Amino acid sequence: MSTASLPIDFADVAAAAERLRGVAHRTPVRTSRTVDERSGATVYFKCENFQRMGAFKFRGAYNALARLTPGQRRMGVIAYSSGNHAQAVALSARLLQVPSVIVMPHDAPASKLAATRAYQSGMPGSEVVLYDRYSEDREAIGRRIAEERGMTLIPPFDHADVMAGQGTAALELIEDVGALDALLVCVGGGGLVSGCAVAAFARSPGATVWGVEPEAGNDVQQSLARGEIVRIETPQTIADGAQTQACGRLTFPVMRALVKGVLTVSDAQLVGTMRFFAERMKMVVEPTGCLAAAALIEGVIDLRGQRVGVIVSGGNVDLPRYAQLLQS
Ligand SMILES: *Cc1c(COP(=O)(O)O)cnc(C)c1O
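Below or above, wherever it landed, is the structure these notes cover. (Residues numbered from 1 in each chain as written. Predicted model: local features only at pLDDT ≥ 70, side-chain atom pairs only at ≥ 80, totals over all residues. Heavy atoms only, no water.)

1. Regarding the sheet that holds strand E3 (residues 77-80)
Definition in use: Only when DSSP finds a minimum of two bridges between them are two strands counted as paired. Only DSSP runs of H or I reaching four residues or more are called helices, and only runs of E reaching two or more are called strands; each is numbered from the N terminus.
One open sheet holds the four strands; their spatial order is E5-E4-E3-E6, and the pairing between them is parallel. Edge positions in the open sheet fall to strand E5 (127-131) and strand E6 (152-153), since each of these has one partner strand only. For E3 and strand E4 (residues 100-105), the ladder comprises four bridges, and the chain directions are parallel. Residue Ile78 lies in a different strand from E4, and its bridge partner there is Val101.

2. Focus on the site of the ligand
Applied cut-off: Note on terminology: near, applied to a residue and a molecule or strand, indicates that one of the residue's heavy atoms is within 4 Å of it. N or O atoms closer than or at 3.5 Å make up a polar contact, with two conditions inside protein: a donor-capable atom paired with an acceptor-capable one, and, for residues adjacent in sequence, both atoms drawn from side chains. A 1.4 Å probe and the Shrake-Rupley method give the accessible areas. Residues count as covered only by the protein chains that appear here. Only Asp, Glu, Lys and Arg are considered charged, only Ala, Val, Leu, Ile, Met, Phe, Trp, Tyr, Cys and Pro nonpolar, and every remaining residue, Gly among them, polar.
Taken together, 16 residues form the shell around the ligand, and within it Lys57, Asn84, Gly188, Gly190 and Ser313 come nearest. Gly191 is positioned such that a nitrogen or oxygen atom in its backbone is 3.0 Å from an oxygen atom of the ligand. One of the side-chain N or O atoms of Ser313 is found 2.6 Å from a nitrogen atom in the ligand. Protein burial of the ligand: of its 390 Å² of free accessible surface, 97% is covered by the chains. Looking at the shell around the ligand residue by residue, the classes come out as five nonpolar, nine polar and two charged.

3. Points about the state of the cysteines
Quick reminder of the rule: Any two cysteine sulfur atoms lying within 2.5 Å of each other are counted as a disulfide. Think of it in three bands: residues with accessible area under 20% of the maximum for their type are buried, residues over 50% are exposed, and the middle band is partly exposed, with areas taken using a 1.4 Å probe on protein chains only.
Per the stated rule, a full pass over the model turns up zero disulfides. Free cysteine Cys186: the closest other cysteine sulfur is in Cys196, separated by 8.6 Å. Cys290 takes part in no disulfide bond, and the closest cysteine sulfur, belonging to Cys186, lies 9.8 Å away. The class for Cys290 is buried, based on a relative accessible area of 0%.

4. A short note on the side chain of Thr168
For the record, the criterion: Whether two residues are in contact is decided by their heavy atoms: any pair within 4.5 Å suffices.
As for its placement among the helices and strands, Thr168 is situated in helix H8 (residues 160-177). On the basis of relative accessibility, which here comes to 2%, the residue Thr168 falls in the buried class. Those residues in contact with Thr168, other than ones at most four positions away along the chain, are Val13, Ala16, Ala17, Leu20 and Arg59.

5. A short note on unusual backbone geometry
Phi at Met53 is positive, roughly 60°, even though this residue is not glycine. By secondary structure assignment, the location of Met53 is in the loop between strand E2 (42-47) and helix H3 (57-66).

6. Concerning the sheet that holds strand E9 (residues 261-265)
Selection criterion: Note on definitions: angles span 0 to 180 degrees between N-to-C directions of axes, and those axes are lines fitted to C-alpha atoms, for helices only across the stretch in contact.
Ordered by their spatial adjacency, six strands build an open sheet running E1-E2-E10-E7-E8-E9, and the pairing between neighbours is mixed. Lying at the two open borders of the sheet, with one neighbouring strand each, are strand E1 (29-30) and E9. Across the sheet, H8 is in contact with E1, E2, strand E7 (182-186) and strand E10 (307-312); its angle to E10 comes to roughly 140°.

7. Digging into the pattern of salt bridges
In plain terms, the rule: Any Lys or Arg side-chain nitrogen found within 4 Å of a carboxyl oxygen on Asp or Glu counts as a salt bridge.
Using the criterion set out here, one finds 13 salt bridges in the structure. The partner of Glu48 in a salt bridge is Arg59, and the shortest N-O contact between them spans 2.7 Å. Taken together, the residues Glu48 in the loop between E2 and H3 and Arg59 in helix H3 connect sequence positions 11 residues apart. Arg59 shares its class with Glu48; the two are buried. Here Glu172 and Arg59 are joined by a salt bridge, their closest N and O atoms 2.9 Å apart. One end of the pair, Glu172, is in helix H8; the other, Arg59, is in helix H3, and 113 residues separate them in sequence. Arg59 sits in the buried class, given a relative accessible area of 0%. One connected set of salt bridges, linked through shared partners, spans Lys46, Glu48, Arg59 and Glu172.

8. Points about the pairing of E4
So the rule is basically this: When the strands point away from the viewer and the connection leading from the first strand across the helix to the second strand turns clockwise, the crossover is called right-handed.
Most of E4 sits out of view: six of its six residues are buried. Here E4 shows a buried face lined by Ser100, Ile102 and Met104 and a second buried face lined by Val101, Val103 and Pro105. Here E4 runs beside E5; their pairing, made up of five bridges, is parallel. By the bridge assignment, Met104 is partnered in E5 with Leu130. The β-α-β motif built from E4, the intervening helix H6 (residues 110-120) and the parallel element E5 has right-handed crossover chirality.

9. Remarks on the packing of aromatic side chains
Two measures describe an aromatic ring pair: the distance that separates the ring centres and the angle between the ring planes. Defined as follows: Pairing of aromatic rings covers Phe, Tyr and Trp, the last counted by its six-membered ring, and requires centre-to-centre distances within 6.5 Å; plane angles under 30 degrees mean stacked, over 60 mean edge-to-face, and any other angle means tilted.
For the structure on display, the rule yields two aromatic pairs. Judged by centre distance (5.5 Å) and plane angle (80°), the ring pair of Phe45 and Phe277 falls under edge-to-face. Here Phe45, found in strand E2, pairs with Phe277, found in helix H12 (residues 267-281); they are 232 residues apart in sequence, far enough to count as distant. Looking at Phe45, the relative accessible area reads 0%, which means it is buried. Ring plane angle 40° and centroid distance 5.6 Å describe the contact between Phe58 and Tyr62, whose orientation is recorded as tilted. Linking Phe58 with Tyr62, this pair stays in helix H3, spanning four residues, or about one helical turn. The class of Tyr62 is buried, set by a relative accessible area of 10%.

Laid out in structure tokens, this is it:
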């Protein structure tokens, strides 16, 4: 098995780690005796809910923006996102003094909208453009604005620099805790899991990488089974960061080569895991951020006796919504 034919390799992840040094947080790794006892495994949570802007997406966005030419930086960047990628691009653009246009669904969590606008404030040529996620095609809107304004489109997952940047989360985890037997990673479009799988393949080759999707939106599980990218309707799930209809043309071959399989969890299992993180580990984790942990905590997969890495992908959730979910 070689990664030579894949869209990214370990050198790309290592180069991203250099670019992110001193800019991204090296997020903490947390453990829980309760989780270890219940699962029979030794579990390491890589807590990207403590990353800048509250999710791992900062890694990929900053890595992609840092690689733009001076000319591209002057014209600015555009991104479409249901939330965290928006904030990640807006913050990275601000840090690198690049104008940004962010295309967001009109029903995106208010906290994510507000945070994105706050990162753009005082940056000339920067704005949020809203669209309807059930009737409009955000990719088409993004492409049109990119053409009209000469901006560089930064996709949320299907981009080599984005994937490589996301992989630095797993790289840090393995550097900090040593080799793993298994790594659980949530899957939306597959940027995070593909970068992490490339890092694990190089630095912990014995590790089995599992993706975790919402039950309502298991397009990657279907795609891996079918051997081709399967497109689904926008899934109705509380995991708003994983409401993707299809994975990417670049992420798919990486997942196919390096991801053992995809597990699914229900919204109820996500809520159970959110509650566990709040009560036991004192962490606010958004529903999508609970996907990977839920597979283990809710007993979807048995990893008894193994050293297991779990990526906790983000913590951005409107507090009223969070409170409502915890009461359900
Ligand atoms: C974007 C996102 C995901 C999904 O990541 P992909 O790279 O699209 O697979 C998972 N969790 C959170 C918190 C996210 O913001």
